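# Coordinate inspection notes
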Amino acid sequence: MLKPEQVLPFLIHDLECVREFARRFLADAHDPAPATADDFWRAIDHLGLDTYAGRQFLTSLHEMPATDAATARLLDALEKAPPADSGPRAEILRARLILQVRDLAFEQVAKNRERLLTSPHLTDAVRAHLSKRLELPDAPLDDLWQQLLALSEKMEGKYYSEVNPMAQDLICEALARHPEGPARATEYIADPPKGDWAEIFCMEILRRARYRPALDAVLHRFAGVGDADDALREECLYTTPVIGGEQAIAGLEKLIRRSPHGIGMFACESMARIKSPAAEAALARLLEDGTAKEQDIEPWATLGLACLCPSGENLTRVIEQAESGEHETSDLIELCFVAATMTGEVRPEMDEWRTHVMAAEARHARIIKDIEAGEKSSLAALRTEINGEDFDDDDDVDDLVEDDGTEDGSYDFDWDGPEYPDDHPPAEVYAPAVPRTIRRDEPKIGRNDPCPCGSGKKYKKCCLGKDDPAR
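The structure displayed is predicted, hence computed values, not measured ones. (Residues numbered from 1 in each chain as written. Predicted model: local features only at pLDDT ≥ 70, side-chain atom pairs only at ≥ 80, totals over all residues. Heavy atoms only, no water.)

### What about unusual backbone geometry?
Basically, it comes down to this: In DSSP terms, a helix is any run of H or I states spanning at least four residues, a strand is any run of E spanning at least two, and both are numbered starting from the N terminus. Only protein chains enter the area calculation, which uses a 1.4 Å probe; residues under 20% of their type maximum are buried, those over 50% are exposed, and those in between are partly exposed.
The step from A33 to P34 runs through a cis peptide bond, and the omega angle for that step is 10°. Not every positive phi belongs to a glycine, and D296 is a case in point at roughly 60°. Locating D296 in the fold gives a position in the loop between α19 (291-294) and α20 (298-306). In this structure D296 comes out as partly exposed when scored by relative accessible area, which is 41%. Of note, C309 is a non-glycine position whose phi angle comes to about 55°, a positive value. Relative to the elements of secondary structure, C309 occurs in the loop between α20 and α21 (312-324).

### A few points about the nonpolar core
What counts, and what does not: Throughout, nonpolar core names a set of buried Ala, Val, Leu, Ile, Met, Phe, Trp, Tyr and Cys residues whose side chains join them through atoms within 4.5 Å. Residues count as neighbours in contact if any of their non-hydrogen atoms are within 4.5 Å of one another.
Ranked by internal contacts, the top residues of the largest apolar core, which has 131 residues, are L26, V101, F222, L252 and M342. Counting residues per element, this core draws most heavily on helix α22 (residues 329-343), at 9 residues. The contacts of M342, once residues within four sequence positions are left out, are L2, V7, F10, V18, F21 and C309.

### Re helix α4 (residues 52-59)
In terms of residue burial, α4 counts as a mostly covered element, since 8 of its 8 residues are buried. Regarding α4, the residues found buried are Y52, A53, G54, R55, Q56, F57, L58 and T59.

### Things to note about the packing of helix α10 (residues 141-155) against helix α13 (residues 197-209)
To keep it simple, the criterion reads: Under this scheme, a helix contributes an axis fitted over its contacting stretch, all axes are lines through C-alpha atoms, and angles between N-to-C directions fall in the 0 to 180 degree range. Should an angle lie under 35 degrees it is considered roughly parallel, over 145 roughly antiparallel, and from 65 to 115 roughly perpendicular; all remaining angles are considered oblique. Each helix crossing is assigned a hand: it is left-handed if the near helix lies turned anticlockwise from the far helix by less than a right angle, otherwise right-handed if that turn is clockwise. Under the scheme applied here, ten amino acids are nonpolar (Ala, Val, Leu, Ile, Met, Phe, Trp, Tyr, Cys and Pro), four are charged (Asp, Glu, Lys and Arg), and all others, including Gly, are polar.
Where α10 contacts α13, the two axes come as close as 8 Å, and the packing angle between them is 130°. As the angle between them shows, α10 and α13 are arranged oblique. With respect to the hand of their crossing, α10 and α13 are arranged in right-handed fashion. Residues W145, L148, L149, L151, S152 and M155 of α10 form the contact with α13, whose participating residues are W197, A198, F201, C202 and I205. Across the contact of α10 with α13, the residue classes break down as 10 nonpolar, 1 polar and no charged.

### Looking at the pattern of salt bridges
When their charged atoms lie close together, side chains carrying opposite charge are able to pair. Spelled out, the test is: Any Lys or Arg side-chain nitrogen found within 4 Å of a carboxyl oxygen on Asp or Glu counts as a salt bridge.
Across all of its chains, the model carries 27 salt bridges by this definition. R383 is the salt-bridge partner of E91, the closest N and O atoms lying 2.7 Å from each other. Taken together, the residues E91 in helix α6 (residues 88-102) and R383 in helix α24 (residues 379-387) connect sequence positions 292 residues apart. Note on E91: relative accessible area 18%, which makes it buried. Within the structure, one salt-bridge network assembled from shared partners comprises R24, D28, E63, E269 and R273.

### Details of the packing of aromatic side chains
When we look at a pair of aromatic rings, we describe it by the centre distance and by the angle of the planes. As a reminder of what qualifies: Ring pairs shown here join Phe, Tyr and Trp side chains whose ring centres sit within 6.5 Å, with only the six-membered ring taken for Trp; geometry is labelled stacked below 30 degrees between planes, edge-to-face above 60, and tilted in between. In our convention, an over-ring charge means Lys NZ or Arg CZ found within 6 Å of a ring centre and within 35 degrees of that ring's normal.
Per the stated rule, a full pass over the model turns up 3 aromatic pairs. With a centroid separation of 5.1 Å and an interplanar angle of 85°, the aromatic rings of F40 and F57 are classed as edge-to-face. Here F40, found in helix α3 (residues 37-47), pairs with F57, found in helix α4; they are 17 residues apart in sequence, far enough to count as distant. With a relative accessible area of 0%, F40 lands in the buried category. Residue class for F57 comes out buried when judged on its relative accessible area of 1%. A ring pair is formed by W145 and Y188, whose centres lie 5.5 Å apart and whose planes are at 65°; its orientation type is edge-to-face. Here W145 is found in helix α10, whereas its partner Y188 is found in helix α12 (residues 181-190), with 43 residues between them in sequence. The exposure class of Y188 is buried, given its relative accessible area of 13%. Taking NZ or CZ as reference, K275 lies 4.5 Å from the ring centre of F25, over its face.

Dropping the structure here:
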C-alpha cells in the first residue's frame, strides 16, 4: 500500500476518481502526516476555488492538520471573496469559507483571536461561536458534563440536521480539552449501554482528544452496538482508528472474527482508515482464511482492502471480487484502476477499467452540472448554519460561559489521563443484518462526503436518512 506522502502528488491528478481517492485517503486517515491543510490548498490552487473539484477540497480542509499558513490562506480567501450580494454563487462560496473558519482548530482560533473576533466578513453567530470556544474550556467539569447530558436529551428523536451543530461542537471540544473530560467520557461509555446521544458525544470527545487510554472501552462498546443504532456504530468506526492507530488493528480484527455481520462491516471500514501495512495484512487475512465469507462481510473486507491502495497479491484479491459480480462491482473496478494507477502496477485489465472509469466520470460530470445549476436550493441551509437561525440549543451554553464558576479561569491542558482497566462487561450479541448487494449507475456518496445538495455539510449530517424514521 502507499504511504500518505506517496499519495500527495495525486491530489492534482487529471482524473477525478484518482483525485477523489487521494483526498479521501488523506482526510480519512488516522494520521495523514506529513500531509496538512497546506496540501489541500495547493490542490485548490490547481483546480480553482470556483470549481466543483476545488470546493470538494475546501469542504475537507478542517479534516486535515491545520497550519499557520493554511489558516492565513483561509482568512485571506474569505476577505477577498466576492460580496454575498454579488449573486447566489458568491454567497454560497462565502458561506462555505465561513464554515471552514468556524471549524478551525482551537489552537488556530487562539492564535488569530483578534483577527477573527473583529472580522466584518464573519456572521455575528460565527463570531460569537468562536468567542465561546475560547471561553468555554475554563468552565468546571461538572457544569460541562451537565450541559452535555442536557443537549443529549434535546436531541432525542432528532436528526443531526435538526440541531445546531455549534452547540454540540462547543461542549465536545471543551470536554476534550478539559484535563478530566476524556476520562469522564471513557467512564460513560464503559458503563452499561444507554443508547443515547451522550454516548455519541463521548465518542467525539475521545476522538478530538485522541485519548489512547479509551481504546479498550471503545472496542467493547463497538462490539455491543445493536443493529438499529447506526449512528453510534459510525462514531465507533471513526473513533477507533483515531485514538488507537496501529494499536487498534488487533482489537478490530478480533472484533470482526467474533462479531455478527452488522458489526463486522463497520469494523472493516474502521480498519481501512488505519493507513498501515498491518491493517492491509489483517484485511487480507480475513479474506484469505474464509472469515470474511463466513461472516458475510466479503464486500466490506474487500472494499476496505481496496481503500488502502493495495498492490500485488492483495490487488489481485480485490480484482477477483470485482470479477465475481457478487458485490459493488462498479466501485471495485474504479478502485482497482485507481490502485494500479497510483502504484504504477501494470495490469492487463487497465484498458477495460479505463473505459469504465471514463464513462463513470462523464456521468458524474453531468450530475455535477445539475448540482451547480440548482445550487440556489442550498442557500437556505447555508444561511441557517452560518447565522444560527432556527436553533435554540445553545442558550444554556451562553449561561455556562457567562458564569463559569472558576476562580482563575485556567486549567493545565498538558494532562496524562489514567489507563482504563480491562474488565469491561461482555459484549451483547445481536442478530446479524441480512446482507444485500447494491449496484448503481451513479457515483456513490459517502456518509462523510460533502452533501450533494450543496449545503457544505457532510452528507450524514444533512440529507442522509431524511426519508427514514428519525433515530
